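One letter stands for each residue in the lines below.
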Amino acid sequence: MSTECAWEKRQFGHRARLALTPAQVQLMDDQAHAARTMWNCLHDWWTMLPKERRSLAAADVAIRQARREVDWLGVLPAQAAQAVLKTYFQAWRNCWEGRADAPNFKARFRSVMSVDVPQGRDLNITRVHRRWGMVTIPKVGRVRFRWTKDLPVGKRANADNRITGARLVKDSLGWHIAFRVQTRESKPVPHTGPEVGIDAGVTVPLALSDGNHQMHERWKSTKEKPNTWLTEKEQAKLLCLEQRAAQRKQHRKPGERTSNRLRTTYDQIAGLRARAKRRHLDWQHQTTTGLAWQYGTVVVEALQVTNMVRSARGTVDEPGKNVAQKRGLNRSISQEAWGRTVDILTYKLAQRGATLHKVPAPGTSQRCSECGLTTPGSRESQALFVCRNTGCGWSGNADHNAARNILHLYRMGHALIPAAGRAVVRRAKRVKPTAARQVGISRPQPEEHFNEVMRHRSASARRWRRCCWPTRRRSCCCSTSRATTWTWRA
Ligand SMILES: [Zn+2]
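Residues numbered from 1 in each chain as written. Predicted model: local features only at pLDDT ≥ 70, side-chain atom pairs only at ≥ 80, totals over all residues.

Our working definition: UniProt positions are given in the numbering used here, feature names are shortened, and annotations may be inferred rather than shown by experiment.
The name given to the protein in an unreviewed UniProt entry is Putative transposase, with the source organism recorded as Kitasatospora kifunensis. Here is the UniProt Sequence similarities (unreviewed entry) comment for the protein, exactly as written: "In the C-terminal section; belongs to the transposase 35 family."

So this is what it looks like as structure tokens:
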């Protein structure tokens, strides 16, 4: 008797730090600059040509010619040059399908330095030590890298489990290699853990509807220390460096090149910021792993962070109010990087057979999660929620209140899109709501919704605190008036 076991292909990235000699770093930098220039030349060529003469084959010929005739473009391996073309064409495809803006030129200092190694067999990875592996980088040679994960190489590699390629990326710590790993794993059994609503907030980073809040107490921001993820000493150092950079920039004449001193200061600033980011990412990974083990269904808000961090500055004629306050709030919101938390959570949940759902955000922080009423003035402050409804008076943490509302919306069937498992399918920017509904966004139809409401109303006498509390219908979360005013923005 054979046991039924469903397999699925899993693709993920794994990042490792490379140990390069200064000479090798120079070679890598040259390659990255050549790749960037290749992109810029390609963009120039593509936008200049008439439409009917643009084709991938013509671009390929142009790239080959450029690599032959220009010495410093020749340092880029042929495969990496082809990868530039592939990435460039994908950028246009993303633009045509409405997912991104049109590709543009890459500036020397603003763009991330990277080189692609599109074929896994060129890498020739071996493990040489408990902590170290070796990899071949085209035109650079054998390089050691930090071995922190069991990669499918050597005897463990086969058609299903292998490394399909890599990308070399430089950040403030130096060059890293990001492997593209493909494995075949057994499908996870459905997670039987409880449901939970999560609200991302500023006072409580991740507030959970069951009160199991996730904090980063050690890295709390204060008035003197606005950057959450740095110690006070590092914060003072960062301020000092930023002032130094500003002063050096001030004394620079227009058109003058950035001095080596100023560039060093920029590097030091970037180093500190990268350290803060690494600490935050570590916290995010540890927290989301814990959540994914514990819960079977996770509900989050569909947030539009870019809209939330819009400046309050206003215009010259109509200057905004509390601009500095809003700026501080914006900084706190950006530092939390909620979008990344949700991204990480999505794949970790899918890996363990759990699901992630999104519900519409409007009103979750203003409504009382006990009586379901939105009474003006209930949100006492950023941290505290006290229900102003006579006869309720529930009080608690404002983020916790929102988390309970989020879970409630999910239980009422207001989930927008089942995000887990289809995270890779990005929806186009401009999709009409009618089309979006066909793609599979579950929103109750008016009749269905009305029936749902009525069913809950009759049951509310028996069941304590389900939806449609025995109160005015206008302010109930599932009244049709509120439900139909959602506008779905991807
Ligand atoms: Zn209340």
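### Regarding the pairing of strand β2 (residues 114-117)
What counts here: Exposure classification rests on a simple neighbour count of other C-beta atoms within 10 Å of a residue's own: a residue reaching 20 or more is buried, one at 12 or fewer is exposed, and one in between is partly exposed. C-beta atoms are placed from the backbone. Think of it this way: any DSSP run of H or I at least four residues long counts as a helix, any run of E at least two long counts as a strand, and we number them from the N terminus. Here a strand pair is declared whenever DSSP counts at least two bridges between the two strands.
Here β2 shows a buried face lined by S114 and D116 and a second buried face lined by V115 and V117. Bridge analysis of β2 against strand β6 (residues 162-171) gives four bridges, and the strand direction is antiparallel. Bridged to D116 within β6 is R167.

### Considering the packing of helix α2 (residues 56-69) against helix α4 (residues 78-96)
Our working rule: Geometry is summarised by axes, namely lines fitted to C-alpha atoms with helices restricted to the contacting stretch, and by angles between N-to-C directions that run from 0 to 180 degrees. Crossings are assigned a handedness: left-handed for a near helix turned anticlockwise from the far helix by less than a right angle, right-handed for a clockwise turn. Any pair of residues counts as being in contact when their C-beta atoms, constructed from backbone geometry, are within 7 Å of one another. Polar here means any residue outside two lists: the nonpolar Ala, Val, Leu, Ile, Met, Phe, Trp, Tyr, Cys and Pro, and the charged Asp, Glu, Lys and Arg; Gly therefore counts as polar.
With their axes 11 Å apart at the nearest point, α2 and α4 run at an angle of 145° to one another. The way α2 lies across α4 gives a crossing that is right-handed. In contact with L56, A59, D60, I63 and R67 of α2, α4 contributes A78, A81, L85 and F89. Considered class by class, the residues forming the contact of α2 with α4 number seven nonpolar, no polar and two charged.

### Side note on the pairing of strand β7 (residues 174-186)
Pairing of strand β1 (residues 7-19) with β7 involves eleven bridges; the strand directions are antiparallel. By the bridge assignment for β7, R17 is matched with H176. Sheet topology places β6 next to β7; nine bridges connect them, and they run antiparallel. Residue pairing for β7: K170 is matched across the bridge by W175. Taken together, β6 and the strand that follows it, β7, pair antiparallel across an intervening segment of two residues.

### A closer look at the sheet that holds strand β9 (residues 206-208)
Pairing is mixed across the open sheet formed by four strands, whose spatial order is β9-β8-β10-β11. Two strands in the sheet have a free side with no partner beyond their single neighbour: β9 and β11 (355-360). The mean inter-strand angle of the sheet, taken between neighbouring strand axes irrespective of direction, is 30°. When strand β8 (residues 195-200) meets strand β10 (residues 297-302), the two strands line up parallel, connected through three bridges. Among the inter-strand pairings, G197 is bridged to a residue of β10, identified as V299. Each of β8, β9, β10 and β11 touches helix α10 (residues 398-411); the most contacted strand, β8, lies at about 135° to it.

### Topic: the nonpolar core
Condition: Any nonpolar core is a set of buried residues, restricted to Ala, Val, Leu, Ile, Met, Phe, Trp, Tyr and Cys, that join up through C-beta atoms within 7 Å.
Counting residues in each nonpolar core, the largest one holds 33 residues, and the members touching the most others are A35, M38, A80, V84, I163, L168 and I177. With near-sequence residues (within four places) excluded, A35 lies in contact with L76, A80, V84 and V115. Core analysis: the second largest hydrophobic core is formed by 30 residues, A292, W338, L349 and L407 among them.

### Looking at the packing of helix α6 (residues 260-294) against helix α9 (residues 338-351)
Going by this rule: Small angles under 35 degrees read as roughly parallel and large ones over 145 as roughly antiparallel, with 65 to 115 read as roughly perpendicular and the rest as oblique.
For the pair α6 and α9, interaxial distance at closest approach is 9 Å and the crossing angle is 40°. Considering the angle they form, α6 stands oblique to α9. Between α6 and α9 lies a crossing whose hand is right-handed. Along the contact surface, α6 presents Q284, H285, T288, T289, L291 and A292, while α9 presents R340, T341, I344, L345, K348 and L349.

### Things to note about the environment of V128
Positionally, V128 belongs in the loop between β3 (126-127) and β4 (132-137). Not counting the four nearest positions on each side in its chain, V128 is found in contact with G133 and M134.

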